[in-house]
Amino acid sequence: MPATNIEDLIALCKRRGFIFQSSEIYGGTQGLYDYGPLGVELKNNIKNSWWRSVVYERDDVEGLDAAILTKQSVLKYSGHEETFTDPLVDCKSCGERFRADQVPDYCRKEDLTEPRQFNLMFKTNIGPVDDGKTFAYLRPETAQQIFTNFKNVVDSTSRNVPFGIAQIGKAFRNEITLKSFIFRVREFEQMELEFFVVPGTDEDWHKKWVELRINWWEKQGVPKKSLELYEVPKDELAHYSKATVDIMYKFPHGVEELEGIANRTDFDLGSHSKNQDELNLKSKVSENNESNAKLALKDENNNWMVPFVIEPSAGVERAILAILNEAYHLEKIEDKERIVLKLKPHLSPIKAAIIPLKKNDEKIVAKAKEIKNKLQSLGLGRVLFENSGNIGKNYRRHDEIGTPICITIDFETLEEETVTVRDRDTMSQKRVSITDLEEVFKDLF
Ligand code: GAP
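All of these numbers come straight from a predicted model, not from anything done at the bench. (Residues numbered from 1 in each chain as written. Predicted model: local features only at pLDDT ≥ 70, side-chain atom pairs only at ≥ 80, totals over all residues. Heavy atoms only, no water.)

## Structural notes on the site of the ligand
- Taken together, the neighbourhood of the ligand is formed by 19 residues, with E141, R173, E175, E192 and E257 sitting nearest.
- Within the side chain of R173, an N or O atom sits 2.8 Å from an oxygen atom of the ligand.
- E175 has a polar side-chain atom sitting 2.8 Å from a nitrogen atom of the ligand.
- Element by element, the count of residues in the shell around the ligand is highest for strand β14 (residues 254-265), at 5 residues.
- Residue composition of the shell around the ligand, by class: 5 nonpolar, 4 polar and 10 charged. (Near = heavy atom within 4 Å. Polar contact = N/O pair within 3.5 Å; in protein donor to acceptor, adjacent residues only side chain to side chain. Helix = DSSP H or I, 4+ residues; strand = E, 2+ residues; numbered from the N terminus. Nonpolar A, V, L, I, M, F, W, Y, C, P; charged D, E, K, R; others polar.)

Below is the structure:
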């Protein structure tokens with residue numbers, strides 16, 4: 001059973017070193033979090049799993065890692081300068097600011113100002129002169145630089161539709177209302193794919209990507225029964241979207257968006273193109289006199305064709321929250337409670353803990369290190385040489401952080417070349433010969 005409340009997860013994250021409030025020693029900054037020794041591993045494992053599934057296991061997707069600081073023109077023609085806003089109200093009695101549609105119950109809502117539009121993009125200065133003109137935005141989504149690099153990727157890889165460009169990276173939004181731990185924050189990461197298709201095939205591809213993404217979530221330990229699909233109503237669609245399906249998850253605070261899958265039509269490539277009237281665009285775009293490229297392909301009749309875009313876009317923070325929530329289990333064993341994170345092994349921050357039973361026995365410690373190095377060299381993730389605490393405490397700690405197996409080295413190991421392997425979920429222990437250990441370890445993944 002998943003965690004029942006967010007406080008359990010927050011406490012675990014802090015206690016075991018997954019997630020900390022940013023700048024905590026100075027009182028913290030709202031909406032910003034730092035990822036500790038285990039958090040960084042979990043995050044990397046989630047991102048690697050997404051990259052494997054979206055790039056390596058397909059033959060029609062290329063990767064990209066673009067700059068975060070983004071030229072104003074990009075976010076002007078993308079429509080973000082004009083439309084990436086939330087309605088903001090001030091309460092004259094409590095002195096706080098809220099998103100107009102998210103005024104909390106503690107505010108009496110008697111003395112609110114009229115809503116005014118507040119742009120969520122962060123700005124920063126470029127270069128040493130702060131003249132208000134040479135600024136850049138911190139990108140609010142990773143998608144835009146995928147569109148601006150469309151021609152570069154096509155020219156350098158000879159790709160033709162259907163194909164995609166994937167990117168994982170930071171995005172920044174000056175959110176007015178933060179929510180539920182890492183659910184809505186001001187600095188976060190997105191895993192985004194822009195999949196370019198022939199206009200007319202877009203609706204089929206949209207359905208296919210919704211299906212593929214649900215399958216991926218299931219493989220990360222987020223079962224179908226915890227997910228719901230939400231077809232965003234026409235009047236709530238983003239300015240670029242013809243249709244959006246949100247994958248919703250039962251977070252501890254309620255059912256909310258985990259990932260959005262949008263049909264962005266030819267809006268973005270069209271918006272960032274010059275000579276738009278030659279491109280046979282289906283969507284309405286603003287005239288662009290600044291771009292020096294046509295982000296389009298030639299069809300079989302030598303006419304310009306601007307691909308439609310299907311965009312699965314998932315937040316890494318929301319992935320962490322959903323995956324931790326599903327993995328968290330509180331079990332009662334003979335009057336004692338144990339917390340166990342039943343993470344899928346490919347996501348576990350530590351893949352195996354190697355525990356010498358006697359911390360001060362040179363031969364046992366040397367053997368434990370040898371086994372650690374051998375399993376580490378397989379390249380399946382972090383293997384930890386655990387040289388502190390007693391065995392019971394080690395097991396409890398590794399249950400709580402989701403380590404799939406603990407391997408104990410004892411005197412028998414020295415005599416018989418065997419170790420004890422303890423399974424996190426069943427707590428069962430078996431004796432395994434060192435020669436078979438590599439296979440037992442590999443079989444986890
Ligand atoms: N390129 C499309 C796009 O950015 P979005 O629905 O605004 O669409 C996509 O964001 C995903 O990014 C969301 O489904 C969510 O997982 C994540 N996300 C968006 N805003 C976030 C925030 N303030 N904090 C954490 N994650 C966020």
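## Quick look at helix α1 (residues 6-16)
- Taken together, the buried positions of α1 are I6, L9, L12 and C13. The buried residues of α1 all sit within an arc of 130 degrees when viewed along its axis, so they share a single face.
- Residues of α1 that are buried in the fold lie against β1 (19-21), α9 (316-327), β18 (328-333), β19 (336-341) and α11 (391-401).
- Of the residues that open α1, the one with a side-chain oxygen 3.1 Å from the backbone nitrogen of E7 is N5.
- G17 occupies a position one or two residues after α1 and carries a positive phi of about 90 degrees. (Buried < 20%, exposed > 50% of the residue type's maximum accessible area, 1.4 Å probe, protein only. Arc of directions from axis to C-beta. Contact = heavy atoms within 4.5 Å.)

## What to know about helix α6 (residues 150-157)
- Among all positions of α6, only F150, V153 and V154 are buried. Down the axis of α6, the buried side of the element spans an arc of 95 degrees, and every buried residue falls inside it. Exposed side chains of α6 directed beyond 90 degrees from the buried face belong to D155 and S156.
- Residue S158 follows α6 closely and has a positive phi angle near 55 degrees.

## What to know about the sheet that holds strand β23 (residues 418-423)
- Overall, mixed pairing links the 5 strands, which are arranged β21-β20-β22-β23-β24 in an open sheet. Two strands in the sheet have a free side with no partner beyond their single neighbour: β21 (383-385) and β24 (429-433). The average undirected angle you get between the axes of adjacent strands in this sheet is 25 degrees.
- Of the strand pairs in this sheet, strand β20 (residues 352-356) and strand β22 (residues 405-409) are connected by 5 bridges, and their pairing is parallel. Bridging from a neighbouring strand, A353 pairs with C406 of β22.
- Its contacts with the sheet put helix α10 (residues 362-376) on β20, β21, β22 and β23, and the angle it makes with β21 is roughly 165 degrees. (Pairing = 2+ DSSP bridges. Axes fitted to C-alpha atoms, helices over the stretch in contact; angles between N-to-C directions.)

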